[in-house]
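Structural overview for review
The primary structure of each chain is shown beneath.
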Amino acid sequence: MTDSKYFTTTKKGEIFELKAELNSDKKEKKKEAVKKVIASMTVGKDVSALFPDVVNCMQTDNLELKKLVYLYLMNYAKSQPDMAIMAVNTFVKDCEDPNPLIRALAVRTMGCIRVDKITEYLCEPLRKCLKDEDPYVRKTAAVCVAKLHDINAQLVEDQGFLDTLKDLISDSNPMVVANAVAALSEIAESHPNSNLLDLNPQSINKLLTALNECTEWGQIFILDCLANYTPRDDRESQSICERVTPRLSHANSAVVLSAVKVLMKFMEMLPKDLDYYGTLLKKLAPPLVTLLSAEPELQYVALRNINLIVQKRPEILKHEMKVFFVKYNDPIYVKLEKLDIMIRLASQANIAQVLAELKEYATEVDVDFVRKAVRAIGRCAIKVEQSAERCVSTLLDLIQTKVNYVVQEAIVVIKDIFRKYPNKYESVIATLCENLDSLDEPEARAAMIWIVGEYAERIDNADELLESFLEGFHDESTQVQLQLLTAIVKLFLKKPTETQELVQQVLSLATQDSDNPDLRDRGYIYWRLLSTDPVAAKEVVLAEKPLISEETDLIEPTLLEELICHIGTLASVYHKPPSAFVEGSRGVMHKRLPARTGSGEGTECPDVGNAAGGSAPEAAPSIIPSQGDLLGDLLNLDLAPPTTTGPTPSTSGMQMGGMDLLGGGLESLLFNMVSHPKMGAGFGAAPAVMPASLNAPVGGGLGDLFDLGGGVGMPMGAYIPPKTVWLPAMKAKGLEISGTFARRAGVIQMELVLTNKAMSVMTDFAIQFNRNSFGLAPAGPLQVLTPLGPNQTIEVSLPLSTVGPVMKMDPLNNLQVAVKNNIDVFYFSCQYPISMLFVEDGKMERQVFLATWKDIPNDNESQFQIQDCHLNSEAASNKLQGSNIFTIAKRTVEGQDMLYMSIKLSNGIWVLAELKVQAGNPNYTISLKCRAPEVSQCVFQCYEAVLKN
Amino acid sequence: MIGGLFIYNHKGEVLISRVYRDDIGRNAVDAFRVNVIHARQQVRSPVTNIARTSFFHVKRSNIWLAAVTKQNVNAAMVFEFLYKMCDVMTAYFGKISEENIKNNFVLIYELLDEILDFGYPQNSETGALKTFITQTGIKSQSKEEQSQITSQVTGQIGWRREGIKYRRNELFLDVLESVNLLMSPQGQVLSAHVSGRVVMKSYLSGMPECKFGMNDKIVIDKQGKGGEGATGQSIAIDDCTFHQCVRLSKFDAERSISFIPPDGECELMRYRTTKDIILPFRVIPLVREVGRTKLEVKVVIKSNFKPSLLAQKIEVRIPTPLNTSGVQVICMKGKAKYKASENAIVWKIKRMAGMKESQISAEIELLPTNDKKKWARPPISMNFEVPFAPSGLKVRYLKVFEPKLNYSDHDVIKWVRYIGRSGIYETRC
């Protein structure tokens, strides 16, 4: 007799029959019927109608039947809460059963029934079970607390279960400890700030003891919990590491990976010169390699993690290249990951082997894999200079195979090789040109066009080649169109006589027939450049390009650190922080590696960034966001002007005010083009390309509508808000920006602090504002003259003008800013105190004040309270004057000082104020009158800020 | 933690569905079927994220096992658990097939309830599980039995119960190695490693304390100088992992392998070596293209071990191009056949002694094609079995102590066997 027959009952009236059978007197028949019900439930049929009948079978001595009924209950209790109550009695009774297996079963199942009324009844039995004499019951009860917490967190806290759970960490049975740790860790995740786990050296010691004794799964729970602990100093860190290392020989890969996580994290705190540090590094490699002989799915998890480990500590696996060689019958997901790691480990020492392997892979069947292999060859060429020549010849061999996607991929990487080693491998261009017709992917076409344009003078029929692309101009993707435009202009500048017609054709295609603003704008720039000053055009378009650096899409350091803390988990598989794929509050907490703190004196500073960049700076590769971004940069790059001697007007942007199209276009173009990844982080000698003069504000015609105010020579003491972080490094690939605004000697200044938390040098900073309420715009370029090295901080003061384009923002003082550097463009918004717009000549004549006050309708008046201000009227008045709020008159009525004040904003708006100050009363009343009542709220905020600081 | 566990047949029909967490709904069952089992393209990853839900899957024959979660779980643990689940099921009812799963679905639910609580894996040692979850319904247990069960399930030695008795104390040790090779056409070793396992089958009474010794270089060098015993050579083990019964901290400190074994069979240890590997066979390929429609292939294999030993089940697989129209084979030994469906010539030799050489030559006729893509020339692969350990590993001793019962180490009958098999043993041509 087998159970499979239960799956096959599909006749009608089935529910009715089952009902009858469930109510049968014969035990055997009942059991049969429940089995049928469970089978139906499994395949997704709704058998909830049988609820009362199934629950009736619960009262039984037969454990097997009981388990089946419980299974049913867990599934349907939620949909039938009222009837589920019927089961409570049995549960409560079972929790008292002499058989520990039944007690545990009852408490385990009860926790899975998510019905409020039942949870109430659960508390008492659970409390007993947590203190049960049998460890099997206790370990089940420990997990039950987590279940209950998931249903009703408050109840768990109120009932004091958390304390009982904490006590279980000291239980004599290792499995109880492990489950308690698991439950507490889970609960702690949803209370990020609670000190629930309360890890201290004593509790850590208990955990480490239990670690040696519990099941493989328990070891995982404990290790994962240990990884959240931050040891006090390097000694403690070392002693924990010593006790965790034996786990590296466990047969369970998850135990090994969790141990690796703990070690990777705690190692961070060990001084590098310590012998133990070296020993530990050596111990890590063999188990990681062993993971690769596990089943393929685990290999995949391991490889994704090794990818992180190799980025963080390349020294661990640098001699293990061979184990990452792809096997013929590896699943594709393993192959792709291995390939990635191979490139990361490629170095001068092993490049010959790597190349031989990559060449083999490039002839395989799987298209994705082959493409990646070809791309990898290109990456090797860029990474290891000595191998470049062999890489190029390998790529040429591959092009000879004429396999379409291989050819296209090869051309894309050869373009990068040209960029890295200019004037070295141009002899291969002829071979490339032969394959022009087979290119059908935009990326490959764009790359080929770039090559033709760049080396136009060496290709006899460059004009014909480019012309052939031009025929289908409008069917090309933007990428190709832009490239084609640039390439033809380059060609024209190199061979002006023969190609005039061609260049006119492409310019008119780009400017007149295209809907794409980027293309049109670029077309206009070229057009104007060529028509006004061909020499300048040559300097711009044919400028020498900065070199590209090693192209390996490394993970941004702050993210990498976080992911290292998540080794073994899904986050490390996805290479994304948990917040990217986990809903709700769980696991959203960002984890960081601990800083290095020496117990002795004079150790390294505990700066996280420093710890991250720990391996000597020259080894630190620069970071390039991703393939796609990089390509975009590369393609646009050829437009870059020769360093600082750009032909663009350097200071006052006003003269360009009339050239509407050029104005906008140029700016966006300039914005695009200054990005280029640069070589060698930490090499100060690398040429810095400064966009110094590129970002002169381009004032709109609107400027003159507004008062260009700004007096000179003012008393000190204007209120400057403290600096706040506007752009966290997490969001900006390592660039952190904090700042504030100040008005100094009549000049509005944006005071910025730029900190480079990435591992690469940042250069080419530029800033731009979105249109804003008061027309704020940078009055000059962002003066960052030296490249910003890793961990460097620079303070910059950016003078602002108020003649930029205007658009009302909400809130009024909101400012949207774009900052770019060689890596990317970042956006953030900040709010400026409106007080910096108060001009110095804002003191109104008394008479005018009176007239104006009357003139402004009462609807425009708003009243505010300033609380807790302990200045007298005199002091307040002085303080306010420092921020250009001028007291015009003072009146005292019944012990109450009335101060009348005026403010003038940079755009000419007047704000009139009446401040009531009563001696002894810390609360001021302020009335504001203004023709533009929107500003009142902001002005009030300024009052508050100024008076209270 | 694991939010749910589903088992599907090859059509994507659900055979087992157990949900542990509230955040996993019934639609997750369908999401996996639609996006993975019925996906048009071959699955590119064993972890799939569909609408913020992560699915982990493994396949056994044509059965899919999928674990589902919405949290940032320990991914390695989930896969280890799925494998373990397969082991447990196999231990209970044999092969994992649709029929077996349907026949045992009640049992599987019972197991799932026991070994996964709220998504946290619990004791999953079959030895322990079988004491209280059986296919034949639960026997009524006495009170002592009950507490014995619970203490075993949660105890320090969760893999062995007390009170085991055998009339004859006996143990079998199998050293099973798989030797992997990737060789260039010129005979250069690109990569070679042995991954080995020591499998122990023990029938011992009581709670025997065992100590296992092998010719580990580190141990031999430590004791070495006395010149006593160490007649053979020692081997350098790159890395090894142990069954959970082995005391890891003791191994870490003293490099001694001591344990109380589970009753019956267990995989005591896994190891990996890369140095001084004895490659049992060498394959020398020679492929010549004669014009566009003909290939000449000659392959020589040489056996490289003691002439007194015999290799078995030798199979050489020579890939042929897809456009092969006919093949003529001549071989000196064994049988060779062209298998069109597998695109390969398969050459089988039943037995071959050490230090011998054999050769096969074939002429392959090709159909002319206009396919530009070159034939990828997959490597020539080999299968075989040899009665020694290619890593050079030797078992030096396995001592058994059971102080409470009156049998000594000498009374235990011990058997040791070495089997070396080919893993991925390939030579590029």
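In the annotation of an unreviewed UniProt entry, chain B is listed under the name Adaptor related protein complex 2 subunit mu 1 and assigned to Oncorhynchus kisutch. The Sequence similarities (unreviewed entry) comment attached to chain B in UniProt states, word for word, "Belongs to the adaptor complexes medium subunit family."

In the annotation of an unreviewed UniProt entry, the entry for chain A reads AP complex subunit beta, and the organism field reads Oncorhynchus kisutch. Quoted verbatim from the Sequence similarities (unreviewed entry) field of the UniProt record, the comment on chain A reads "Belongs to the adaptor complexes large subunit family." Quoted verbatim from the Subcellular location (unreviewed entry) field of UniProt, the annotation for chain A is "Endomembrane system".

1. Focus: the overall build of chain B
Each helix and strand in chain B was counted, giving eight helices and 23 strands. Residue pairs in contact within chain B that sit at least 24 positions apart in sequence constitute 70% of those at least 6 positions apart. Carbon and sulfur atoms make up 49% of the accessible area of chain B, which totals about 19,300 Å².

2. Structural notes on the overall build of chain A
From N to C terminus, chain A includes 37 helices and 13 strands. Looking at chain A as a whole, 60% of its 949 residues are labelled buried. Considering only contacts in chain A between residues 6 or more positions apart, those separated by 24 or more positions represent 69%. Surface summary for chain A: the accessible area is close to 36,900 Å², and the carbon and sulfur share equals 51%.

3. With respect to unusual backbone geometry
All names here are of chain A. At the junction of Asp 810 and Pro 811, the peptide bond is cis and its omega measures out at -5 degrees in the coordinates. Along the chain, the position of Pro 811 falls in the loop between β6 (793-801) and β7 (814-820). At Lys 733, a position not held by glycine, the phi torsion is positive, near 50 degrees. Along the polypeptide, Lys 733 turns up in the loop between β1 (724-727) and β2 (735-744). A relative accessible area of 26% means that Lys 733 is categorised as partly exposed.

4. Concerning the nonpolar core
Nonpolar side chains tend to gather and get buried jointly when the protein is soluble and globular. In this structure, Tyr 72, Leu 317 and Phe 418 of chain A together with Phe 56 of chain B are the most contacted members of the largest nonpolar core, which totals 288 residues. Filtering out sequence-adjacent residues up to four positions away, Tyr 72 of chain A remains in contact with Val 37, Ile 38, Met 41, Val 47, Ser 48, Leu 50, Phe 51 and Val 54 of chain A. Among the nonpolar cores identified, the runner-up in size contains 65 residues, and Met 836, Ile 903, Val 911 and Ala 913 of chain A belong to it.

5. Side note on the interface of chain A and chain B
Every contact between the two is made by 106 residues of chain A and, on the other side, 91 residues of chain B. Taken together, both faces of the contact between chain A and chain B bury some 8,400 Å²; the carbon and sulfur share is 56%. By the criterion of area lost to chain B, the three top residues of chain A are Thr 42, Trp 217 and Glu 297 of chain A, representing 8% of everything that side buries. Summed over the shared surface of chain A and chain B, the number is 13 salt bridges. Salt-bridge contacts for Asp 22 of chain B lead to Lys 78 of chain A; the nearest nitrogen and oxygen are separated by 2.8 Å. Counting across the interface, chain A meets chain B through 46 residue pairs in polar contact (both at pLDDT 80 or more).

6. Digging into the sheet that holds strand β3 (residues 747-756) of chain A
Residues and elements named next belong to chain A. Across the sheet, five strands lie side by side as β1-β2-β3-β6-β5; this open sheet has antiparallel pairing. Each edge of the open sheet is held by one strand with a lone partner, namely β1 and β5 (777-778). Sheet topology note: the β2/β3 ladder contains 10 bridges and is antiparallel. Paired with Thr 740 across the bridge in β3 is Glu 751.

7. Observations concerning the sheet that holds β7 of chain A
All names here are of chain A. Ordered in space as β4-β7-β8, the three strands form an open sheet in which the pairing is antiparallel. Strand pairing shows two members of the sheet lacking a second neighbour, β4 (766-769) and β8 (825-831), which therefore form its edges. Put simply, the sheet's adjacent strands are angled 25 degrees from each other on average, direction ignored. Inspection of the sheet shows β4 paired to β7 by four bridges, in the antiparallel sense. The residue of β7 that forms the bridge with Ile 767 is Val 819.

8. Some remarks on the pairing of strand β11 (residues 896-904) of chain A
All names here are of chain A. Most of β11 sits out of view: eight of its nine residues are buried. The sheet contact formed by strand β10 (residues 886-893) and β11 spans seven bridges and is antiparallel. The residue bridging Arg 891 from the neighbouring strand is Met 898, located in β11. In this antiparallel pair of consecutive strands, β10 and β11, the connection spans two residues, and Glu 894 shows a positive phi of 50 degrees.

9. Thoughts on a positive patch on the surface
Residue and element names in this part refer to chain B. Among the surface-exposed residues, Lys 335, Lys 337, Lys 348, Lys 350 and Arg 351 lie close enough to one another that they form a single positively charged patch. Looking at the positive patch, the elements that each hand over two or more residues are β18 (335-339) and β19 (344-353). The greatest single-element share of the positive patch, amounting to three residues, is contributed by β19. You can see Lys 348 is positioned in strand β19. On the accessibility criterion, Lys 348 (43% relative accessible area) is partly exposed.

10. Focus on helix α27 (residues 500-512) of chain A
Residue and element names in this part refer to chain A. With 13 residues, α27 extends 18 Å from end C-alpha to end C-alpha; this agrees with the ideal 18 Å at 1.5 Å per step. Taken residue by residue, α27 has Leu 502, Val 503, Val 506, Leu 507, Leu 509, Ala 510 and Thr 511 as its buried positions. Looking at the buried side of α27, the elements it contacts are α25 (462-470), α26 (478-494) and α28 (517-532).

11. A word on the packing of aromatic side chains
Scanning the model with the defined rule gives 32 aromatic pairs over all chains in all. Taking 5.4 Å as the distance between ring centres and 80 degrees as the angle between the ring planes, the aromatic pair formed by Tyr 300 of chain A and Tyr 333 of chain A counts as edge-to-face. Of this pair, Tyr 300 of chain A sits in helix α17 (residues 296-312) while Tyr 333 of chain A is found in helix α18 (residues 332-345), placing the two residues 33 residues apart along the sequence. The residues Tyr 300 of chain A and Tyr 333 of chain A share a single accessibility class, namely buried. An aromatic cluster is built from Trp 726, Phe 741, Phe 774, Phe 828 and Tyr 832 of chain A, whose rings are joined through pairwise contacts. For the cation-ring pair, Lys 130 of chain B lies above Tyr 92 of chain B, with the distance from its terminal atom to the ring centre recorded as 5.4 Å. Note that Lys 399 of chain B overlies the ring of Tyr 397 of chain B, its terminal NZ or CZ placed 4.3 Å from the centroid.

12. So, the environment of Phe 16 of chain A
All names here are of chain A. Relative to the elements of secondary structure, Phe 16 occurs in helix α1 (residues 14-22). Owing to a relative accessible area of 66%, Phe 16 belongs among the exposed residues under this scheme. A C-alpha to C-alpha distance of 9.7 Å links Phe 16 and Ala 49, two positions 33 residues apart in sequence.

13. Some remarks on the pattern of salt bridges
Overall, the coordinates contain 70 salt bridges over all chains when judged by the stated rule. A salt bridge links Arg 247 of chain B to Glu 209 of chain B; the nearest nitrogen and oxygen atoms lie 2.7 Å apart. Here Glu 209 of chain B lies in strand β10 (residues 209-214) and Arg 247 of chain B lies in the loop between β11 (239-242) and α8 (248-254), a separation of 38 residues in the sequence. Assessed through its relative accessible area of 26%, Glu 209 of chain B is described here as partly exposed. Salt-bridge contacts for Glu 342 of chain B lead to Arg 317 of chain B; the nearest nitrogen and oxygen are separated by 2.7 Å. Placement of the pair is Glu 342 of chain B in the loop between β18 and β19 and Arg 317 of chain B in strand β16 (residues 310-319), with a sequence separation of 25 residues. Here Glu 342 of chain B falls in the partly exposed class, since its relative accessible area comes to 37%. It is possible to trace a salt-bridge network through shared partners that takes in Arg 371, Arg 375, Glu 409, Glu 441 and Glu 443 of chain A.

14. So, the packing of helix α13 (residues 216-226) of chain A against helix α15 (residues 253-267) of chain A
Residues and elements named next belong to chain A. Running from N to C, α13 and α15 cross one another at 20 degrees; their axes reach a closest spacing of 9 Å. The pairing of α13 with α15 is recorded here as roughly parallel in orientation. Considering how the two elements wind past one another, α13 and α15 form a crossing that is left-handed. Between α13 and α15, the residues in contact are Glu 216, Gln 219, Ile 220, Leu 223, Asp 224 and Leu 226 and Ala 254, Val 255, Ser 258, Ala 259, Lys 261, Val 262 and Phe 266, respectively.

15. Details of the packing of helix α8 (residues 135-151) of chain A against helix α11 (residues 174-189) of chain A
Residues and elements named next belong to chain A. α11 packs onto α8 with a crossing angle of 5 degrees between their chain directions and a minimal axis gap of 8 Å. For the element pair α8 / α11, the angle class is roughly parallel. For the pair α8 and α11, the contacting residues are Pro 135, Arg 138, Lys 139, Ala 142, Val 143, Val 145, Ala 146 and His 149 in the first and Met 175, Val 176, Asn 179, Ala 180, Ala 183 and Ile 187 in the second.

16. Topic: the environment of Asp 221 of chain B
All names here are of chain B. Relative to the assigned elements, Asp 221 resides in helix α7 (residues 217-224). A relative accessible area of 41% places Asp 221 in the partly exposed class. Spatially, the C-alpha atom of Asp 221 lies 8.5 Å from that of Ser 234, the residues being 13 residues apart in sequence.

Conventions we followed
- Residues numbered from 1 in each chain as written.
- Chains lettered and ligands numbered in written order.
- Predicted model: local features only at pLDDT ≥ 70, side-chain atom pairs only at ≥ 80, totals over all residues.
- Heavy atoms only, no water.
- UniProt positions renumbered as here; feature names shortened; annotations may be inferred.
- Helix = DSSP H or I, 4+ residues; strand = E, 2+ residues; numbered from the N terminus.
- Contact = heavy atoms within 4.5 Å.
- Areas by Shrake-Rupley, 256 points an atom, 1.4 Å probe, with all protein chains shown as cover.
- Buried < 20%, exposed > 50% of the residue type's maximum accessible area, 1.4 Å probe, protein only.
- Core = buried A, V, L, I, M, F, W, Y, C linked by side-chain atoms within 4.5 Å.
- Buried area = accessible area lost by both parts, 1.4 Å probe.
- Salt bridge = Lys/Arg side-chain N within 4 Å of Asp/Glu carboxyl O.
- Polar contact = N/O pair within 3.5 Å; in protein donor to acceptor, adjacent residues only side chain to side chain.
- Pairing = 2+ DSSP bridges.
- Axes fitted to C-alpha atoms, helices over the stretch in contact; angles between N-to-C directions.
- Patch = residues over 30% accessible without salt bridge, like charges linked within 9 Å, V, L, I, M, F, W, Y side chains within 5 Å.
- Lys, Arg positive; Asp, Glu negative; His and termini not counted.
- Charge placed at Lys NZ, Arg CZ, Asp CG, Glu CD.
- Expected span 1.5 Å × (residues − 1).
- Phe/Tyr/Trp six-rings, centres within 6.5 Å; stacked < 30°, edge-to-face > 60°.
- Lys NZ or Arg CZ within 6 Å of the ring centre and 35° of its normal.
- Parallel < 35°, antiparallel > 145°, perpendicular 65-115°, else oblique.
- Left-handed = near helix turned anticlockwise from the far one by under 90°.

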